[in-house]
Amino acid sequence: MKLLFAQLVTIISAFQQPITPRITRYSSHPSIRISKVQPTSTNSLALRLSSENNDDSTELAESSHSSYGDQHDRNNTDSTPSEASKRQMLKFVLPALGIYLMNPLLSNIDNSFVGRTVGKAGLAALSPATLCIDQALYLFSFLSRATTGLASRAYANASNTSGSDGTTGNVGAARDAASPALTVSLICGVALTLLYTFRTSSLLEILNVDPVLRASASSYIHWRGVSAWAAMAQSVLLSLFMVTRDVITPLKIISCAAVLNIFGDALFCVWPIRGGCGGAAAATACATLISSFWMVKTLRKKKLLPALRIPKKNELAALGEFMGPLLAITLTRMSGFMNMQRRAMTLGVTALAGYQLCMNLLIFFVLFGEPLSQLGQTKLPGLIENENSREAMATLRSILMLSVFSAVGVGLTAYCTSTFGPALFSSDLGVQAVAKGAAPQLFLAVSMCIMGIAIDGAMMASRDFGFMLITGIVSFFVQAKLLHNCNTVSGILATFAVRLGSYTILSVVRAFATTLGIRKYANQTC
């Protein structure tokens with residue numbers, strides 16, 4: 001436990017506010033002026049002071065405690081710096097975890113309402129419907145990831161600059177860096193809304209959905225499509241909150257939207273409106289619109305709302321450095337999910353409903369790894385650009401150790417849920433049997449995916465997109481080959497575990513072999 005706690009403290013140091021050195025007593029002297037302030041590490045600053053009367057320079061190194069340690073000294077409280085670091089860790093990790101778990105939690109609640117009010121046919125219809133909606137939104141997740149990469153670098157490197165409207169500090173720089181991604185997300189979101197409005201039937205034909213399920217699936221897609229543009233923009237805005245280390249505000253917003261979604265499910269699915277799949281989608285769409293407008297209002301008050309404007313050439317180039325590779329990587333991963341979905345659709349309605357139940361559990365539990373990915377994406381870029389290989393690798397080791405503990409614990413929880421809790425989502429005994437039979441493979445899939453998500457954040461921080469793409473393509477074809485021999489839901493989940501496990505192992509080896517690309521980055525900048 002002591003080792004685990006030490007790893008947690010190492011990671012959370014990334015989220016402490018920049019330390020302000022105590023230099024007032026030097027700068028006020030008439031014969032001394034500060035010619036350079038150079039950060040040497042997280043907890044120290046080297047100040048080069050030069051005299052106006054001679055050319056001699058004096059190196060002064062002033063070590064500082066963490067901001068919590070300073071507060072302890074000033075207020076003479078009983079808390080120690082390590083206890084304060086633990087509190088700071090919990091203040092970020094737990095709210096961030098709540099944010100990432102909210103959407104899949106609501107998806108499982110939707111499944112529960114539909115499964116109880118419509119039956120296994122409605123649950124089976126949700127499988128192709130959520131594929132059309134959620135996988136399309138996942139396809140554009142590269143925009144939120146690009147926002148994290150660009151804004152985190154701007155936030156870390158622009159403490160003395162100002163934004164386009166004169167806002168001082170790194171907040172303005174982060175806001176300006178997110179502007180191109182927000183504009184592009186709205187454009188793509190509107191295009192998706194139009195696609196779902198006019199071409200839903202064509203999408204279901206391409207997926208070869210059972211005609212019996214098409215009416216319910218179409219209703220779900222139409223209602224969710226109304227808010228597709230808001231969901232796209234919300235992902236970018238959420239990334240901006242996370243970059244500026246504000247996790248409490250979005251958690252409050254999303255939690256309130258979740259409560260509204262649950263009441264909407266009861267209203268539109270149970271009484272007085274028995275809307276089935278369409279009713280569940282309508283509740284989700286209303287909650288998405290309300291939470292998105294709430295985020296916009298909050299960001300405007302904080303002077304953090306990115307402007308909607310045509311991106312400049314250099315901004316498009318910077319965004320393209322992330323968008324192009326991440327889009328290709330996302331396409332390969334989404335194609336793997338689509339192959340799994342198509343294989344499940346050949347197994348019959350009962351198996352398809354069981355597959356939908358297992359996939360919703362999978363998506364819910366693997367998001368326990370997202371805070372670890374965010375740690376890597378926000379902490380490591382600055383260390384890599386500053387060529388601080390020692391601290392970068394220490395942070396990576398800490399993230400990986402935490403991912404192992406998380407993978408085992410969350411994987412076991414997923415196993416127990418699939419074994420003992422399928423009755424919460426469906427009253428059909430056949431569907432429950434499918435979920436119970438796939439529990440061991442669900443454990444493996446969740447465990448491998450959590451570790452894969454954790455290392456994924458480090459790989460994106462190092463911009464090793466080429467390796468990620470090649471590994472993704474190879475593992476995609478391996479999984480596609482294995483799927484041809486799968487005749488059960490458990491077998492489909494096993495192929496997913498193999499794919500994520502191979503990616504995780506290769507990525508860890510790559511990260512340590514190349515020191516997260518720090519040597520390569522140093523050669524490029526020389």
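Note that the coordinates shown come from a computational prediction; the quantities given were computed from them, not determined experimentally.

Student: Where do I start with the overall build of the chain in this structure?
Tutor: On a plain count of helices and strands, the chain comes out with 21 helices and 3 strands. Across the 526 residues that make up the chain, the buried fraction comes to 53%. For the chain, restricting intrachain contacts to residue pairs at least 6 apart in sequence, the fraction spanning at least 24 positions comes to 77%. Carbon and sulfur atoms make up 63% of the accessible area of the chain, which totals about 23,800 Å².

Student: Any chance you could explain the pattern of salt bridges here in plain terms?
Tutor: Opposite charge on two side chains allows them to pair when their charged atoms are near. In the structure shown here, the tally under the stated rule is 5 salt bridges. Between Arg175 and Asp176 there is a salt bridge; the shortest N-O distance is 3.4 Å. Overall, Arg175 belongs to the buried group, its relative accessible area being 5%. Asp464 is the salt-bridge partner of Arg510, the closest N and O atoms lying 2.7 Å from each other. In this pair, Arg510 sits in helix H20 (residues 489–513) while Asp464 sits in the loop between helix H18 (439–461) and helix H19 (465–483), placing the two residues 46 residues apart along the sequence. Judged by its relative accessible area of 13%, Asp464 is buried.

Student: I would appreciate a short explanation of H19 in the present structure.
Tutor: Every α-helical turn comprises 3.6 residues, leaving residues that sit three or four positions apart pointing alike. The end-to-end C-alpha distance of H19 is 26 Å, a good match for the 27 Å that 19 residues give at a rise of 1.5 Å each. Taken together, the buried positions of H19 are Phe465, Phe467, Met468, Thr471, Gly472, Ser475, Phe476, Gln479, Ala480 and Leu483. Contacts from the buried residues of H19 go to helix H13 (313–345), H18 and H20.

Student: Please clarify how the nonpolar core should be interpreted in this entry.
Tutor: Within soluble globular proteins, side chains that are nonpolar tend to cluster in buried spots. One finds Phe140, Met340, Tyr355, Leu362, Val446, Ile455 and Phe496 to be the most contacted residues of the largest nonpolar core, which totals 124 residues. Setting aside residues no more than four positions away along its own chain, Phe140 makes contact with Cys188, Leu192 and Met232. Counting 5 residues, the second largest nonpolar core, distinct from the first, contains Leu372, Leu375, Ile399 and Leu402.

Student: Looking at this model, I keep getting lost on unusual backbone geometry. Mind explaining?
Tutor: A negative phi angle is the norm for most residues apart from glycine, just as the trans form is the norm for most peptide bonds. Here the residue pair Trp271 and Pro272 is connected by a cis peptide bond, since its omega of 5° sits within 30 degrees of zero. Residue placement: Pro272 occurs in the loop between helix H11 (248–270) and helix H12 (276–301). Within the chain, Lys303 stands out as a residue other than glycine whose phi angle is a positive 55°. Mapping Lys303 onto the fold places it in the loop between H12 and H13. Of note, the phi angle at Arg463 is positive, near 60°, even though the residue is not glycine.

Student: Just checking my understanding: could you explain the side chain of Asp456 for this structure?
Tutor: With respect to the helices, strands and loops of the structure, Asp456 is situated in helix H18. Taking the relative accessible area as the measure of exposure, Asp456 reaches 3% and is therefore buried. Within the structure, the side chain of Asp456 is placed 2.9 Å from the side chain of Arg333, a separation counted as a polar contact. The contact partners of Asp456, leaving out residues within four places of it in the chain, are Arg145, Arg333, Met468 and Tyr503.

Student: Looking at this structure, I do not really get the packing of helix H5 (residues 120–139) against helix H14 (residues 349–366). What am I missing?
Tutor: Any two packed helices are characterised by how steeply their axes cross, that is the angle between the axes, and by the distance between the axes. Running from N to C, H5 and H14 point in directions that differ by 60°, and their axes come no closer than 8 Å. Judged by the angle between their axes, H5 and H14 are oblique. Where H5 crosses over H14, the handedness of that crossing is left-handed. Only Val349, Thr350, Leu352, Ala353, Tyr355 and Gln356 of H14 make contact with H5, whose side of the interface consists of Lys120, Leu123, Ala124, Leu126, Ser127 and Thr130. Per-class residue counts for the contact of H5 with H14 are 7 nonpolar, 4 polar and 1 charged.

Student: Mind showing me how you'd approach the packing of helix H15 (residues 370–385) against helix H16 (residues 389–420) here?
Tutor: With their axes 10 Å apart at the nearest point, H15 and H16 run at an angle of 175° to one another. Considering the angle they form, H15 stands roughly antiparallel to H16. Taking contact as the criterion, the partners of Leu372, Leu375, Gly376, Lys379, Leu380 and Leu383 in H15 are, on H16, Glu391, Ala392, Thr395, Ile399, Leu402, Ser403 and Ser406. In terms of residue class, the contact of H15 with H16 is built from 7 nonpolar, 4 polar and 2 charged.

Student: Help me out: how do you make sense of the state of the cysteines in this one?
Tutor: Simply put, the disulfide is a covalent bond whose two ends are the sulfur atoms of two cysteines. Within this structure, the stated rule accounts for 0 disulfides. Here Cys269 stays free of any disulfide, with the sulfur of Cys277 as its closest cysteine sulfur at 8.1 Å. Judged by relative accessible area, Cys269 falls into the buried class, the value being 1%.

Student: Looking at this structure, how should I read H5?
Tutor: An ideal rise of 1.5 Å per residue puts 28 Å on 20 residues; H5 measures up with 28 Å between its terminal C-alpha atoms. At Thr130, H5 shows its maximal bend, which comes to roughly 35°. Across the 20 residues of H5, 15 count as buried, placing the element largely inside the fold.

Student: Explanation requested: the confidence of the model for the chain in the structure shown.
Tutor: Low pLDDT marks stretches whose predicted atomic positions should not be read closely. Taken as a whole, the chain shows an average pLDDT of 76; of its residues, 78% reach a score of 70 or greater. Here residues 1–86 scores under 50 on pLDDT; set against residues more than four positions off or in separate chains, the count is 116 contacts. In this model, residues 160–168 is a region of pLDDT below 50 whose contacts with residues beyond four sequence positions or in other chains number 16 contacts.

Student: What should I look at first to understand a nonpolar patch on the surface in this one?
Tutor: A surface patch of nonpolar side chains, amounting to about 420 Å² of accessible area, comprises Ile470, Val474, Val478, Leu482 and Val498. With 4 residues, the top contributor of residues to the nonpolar patch is H19. Owing to a relative accessible area of 56%, Ile470 belongs among the exposed residues under this scheme.

Student: Before we go on, may I ask you to explain the packing of aromatic side chains in this structure?
Tutor: A ring pair, where both rings are aromatic, is described by two values, the distance of the centres and the angle of the planes. One pass over the full model with this rule turns up 6 aromatic pairs. Centroid distance Phe364 to Phe368: 6.2 Å. Interplanar angle 85°. Geometry classified as edge-to-face. On the accessibility criterion, Phe364 (15% relative accessible area) is buried. For Phe368, a relative accessible area of 24% puts it in the partly exposed group. Among the aromatic residues, those joined into a cluster by ring pairs are Phe364, Phe365 and Phe368.

Student: Just checking my understanding: could you explain the environment of Leu186 for this structure?
Tutor: Position of Leu186 relative to the elements: it lies in helix H7 (residues 170–198). Sequence separation between Leu186 and Leu308 is 122 residues, and the spatial gap between their C-alpha atoms is 9.2 Å. Residue contacts for Leu186: discarding those within four places in its chain leaves Trp229, Ala233 and Leu308.

Student: Hey, could you run me through the side chain of Ser144 in this one?
Tutor: With respect to the element layout, Ser144 can be found in helix H6 (residues 141–157). In this view, Ser144 contacts Ser235, Val236 and Ser239; residues no more than four positions away in its chain are not counted.

What counts, and at which threshold
- Counting of residues starts from 1 at the beginning of each chain's written sequence and follows it residue by residue.
- Whole-chain, interface and lining totals are the exception, using all residues; otherwise, since this is a predicted model, local features are given only for residues with pLDDT of at least 70 and side-chain atom pairs are given and counted only at 80 or more.
- Water and hydrogen atoms play no part in the side-chain values, which are based on all heavy atoms of the structure.
- Working definition: helices are DSSP H or I runs of at least four residues, strands are E runs of at least two. Numbering for both runs from the N terminus.
- Remark: exposure states derive from per-residue accessible area (1.4 Å probe, protein chains only) relative to the maximum for the residue type, with buried under 20%, exposed over 50%, and partly exposed in between.
- A contact between two residues is defined here by any heavy atoms of the two lying within 4.5 Å.
- In these tables, accessible area is a Shrake-Rupley quantity obtained with a 1.4 Å probe, and a residue counts as shielded only by the protein chains included in the view.
- By definition, a salt bridge exists where a carboxyl oxygen of Asp or Glu is found within 4 Å of a side-chain nitrogen of Lys or Arg.
- In this analysis, the expected span of each helix is defined as 1.5 Å times one less than the number of residues it contains.
- The criterion is simple. A nonpolar core is a set of buried Ala, Val, Leu, Ile, Met, Phe, Trp, Tyr and Cys residues joined through side-chain atoms within 4.5 Å.
- In the analysis that follows, any N or O atom pair within 3.5 Å is treated as a polar contact, provided that within protein one partner can donate a hydrogen and the other can accept it, and provided that, for residues neighboring in sequence, both atoms belong to side chains.
- A fitted line through C-alpha atoms serves as each axis, taken over the contacting stretch for helices, and the angle formed by two N-to-C directions is quoted from 0 to 180°.
- For this classification, under 35 degrees means roughly parallel, over 145 means roughly antiparallel, 65 to 115 means roughly perpendicular, and everything else is oblique.
- Crossing handedness is defined as follows: a turn of the near helix away from the far one that is anticlockwise and smaller than a right angle gives a left-handed crossing, while the clockwise case is right-handed.
- Polarity classes work like this: nonpolar for Ala, Val, Leu, Ile, Met, Phe, Trp, Tyr, Cys and Pro, charged for Asp, Glu, Lys and Arg, and polar for all others, with Gly in that last group.
- The disulfide criterion is simple: two cysteine sulfur atoms within 2.5 Å.
- At any given residue, the bend is defined as the angle formed between two axes, one fitted to the seven residues that end at that position and one fitted to the seven that begin there.
- You can read pLDDT as the predictor saying how much it trusts each residue, on a scale of 0 to 100.
- Each patch groups residues whose relative accessible area exceeds 30% and which form no salt bridge, using 9 Å between like charges and 5 Å between nonpolar side chains of Val, Leu, Ile, Met, Phe, Trp and Tyr.
- Two aromatic rings from Phe, Tyr or Trp, using only the six-membered ring of Trp, form a pair when their centres are within 6.5 Å; if the ring planes differ by under 30 degrees the pair is stacked, by over 60 it is edge-to-face, and anything between is tilted.

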